[in-house]
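Inside the fold
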Amino acid sequence: MHAVPPVEGNKNRVPLTIDIVSDVVCPWCYIGKRRLELALRHRPQIKAEIRWVPYFLESRVPADGMPRVDYIGQKFGVYERFPPGHERLTSLGTDVGIDFRFDKIYRQPNTLDAHRIIGWAQKAGRAGAVVERLFSLFFIEGGDLSDREMLVVAGRAGGLDPDEMRRDLLTERDRRYVDKQANAAARAGIGGVPFFVFGKKISVAGAHEVEVLASAMDQALGKEKAPAA
């Protein structure tokens, strides 16, 4: 379940923009993505336009990343092979088809370049596949998202040209833009991700259950009261 399939036989689908503020090293964002996909399956009449908004879960990670053991040690004060919450995340991930392998992650990346790749794919309307691949590479395969070639692999999932990505990743293309978007999200009061905005008017903070996300879509389309979020 990597993407929501097109709805057959329904030419009168209702358009709805869904802005998702997230980071590709956020496990709750991965769960939230999968739950949103399930919610959209329950609302086949909706034609969603999903727009990915960058967020830096941890902006202090160096540009070339850092060892995972050091990152966990700084975050929790002491290194723990399985930090608090990993067991729960693993269980919740299984429920939505994610086989979290936190034990495989050996390097914590800075995600600015990953967000640049997502942005380039978004211009072509193919960001969803790239986001899914980045999540999968990091959380399931233990890939190093600090490695440009790893980012190229993710970009190819969205049909981006490998040579063009390699060239552009060596430039300043869209660095300031990504920083500006991420900082704007923080200034807007978004202190955690995922953060969903449905139809530019209904916000849901967190990877809520499918029913909550579906209700938020209904509310954005004026069909019911806003869900508790």
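Structure shown above.
The following refers to the structure shown. Keep in mind that this is a model prediction, so the values were computed, not measured.

Let's shift gears to the overall build of the chain. Across its full length, the chain holds 9 helices and 6 strands. Pairs at least 24 residues apart make up 73% of the contacts formed inside the chain by residues separated by at least 6 positions. For the chain, the exposed surface amounts to about 11,700 Å²; the carbon and sulfur share of it is 50%.

Glancing now at the sheet that holds strand β1 (residues 14-22). With mixed pairing, the 4 strands of this open sheet are ordered in space as β2-β1-β5-β6. The strands lining the two open edges of the sheet, one partner per strand, are β2 (46-54) and β6 (202-205). The average undirected angle you get between the axes of adjacent strands in this sheet is 20 degrees. In this sheet, strand β5 (residues 195-198) lies alongside β1 in antiparallel orientation, the contact comprising 4 bridges. By the bridge assignment, D19 is partnered in β5 with V197. Docked against the sheet, helix α1 (residues 27-41) engages β1, β2 and β5, running at close to 170 degrees with respect to β2. Packed onto the sheet, helix α9 (residues 210-220) meets β1, β2, β5 and β6 and runs at close to 165 degrees relative to β6.

What counts, and at which threshold
Residues numbered from 1 in each chain as written. Predicted model: local features only at pLDDT ≥ 70, side-chain atom pairs only at ≥ 80, totals over all residues. Heavy atoms only, no water. Helix = DSSP H or I, 4+ residues; strand = E, 2+ residues; numbered from the N terminus. Contact = heavy atoms within 4.5 Å. Areas by Shrake-Rupley, 256 points an atom, 1.4 Å probe, with all protein chains shown as cover. Pairing = 2+ DSSP bridges. Axes fitted to C-alpha atoms, helices over the stretch in contact; angles between N-to-C directions.

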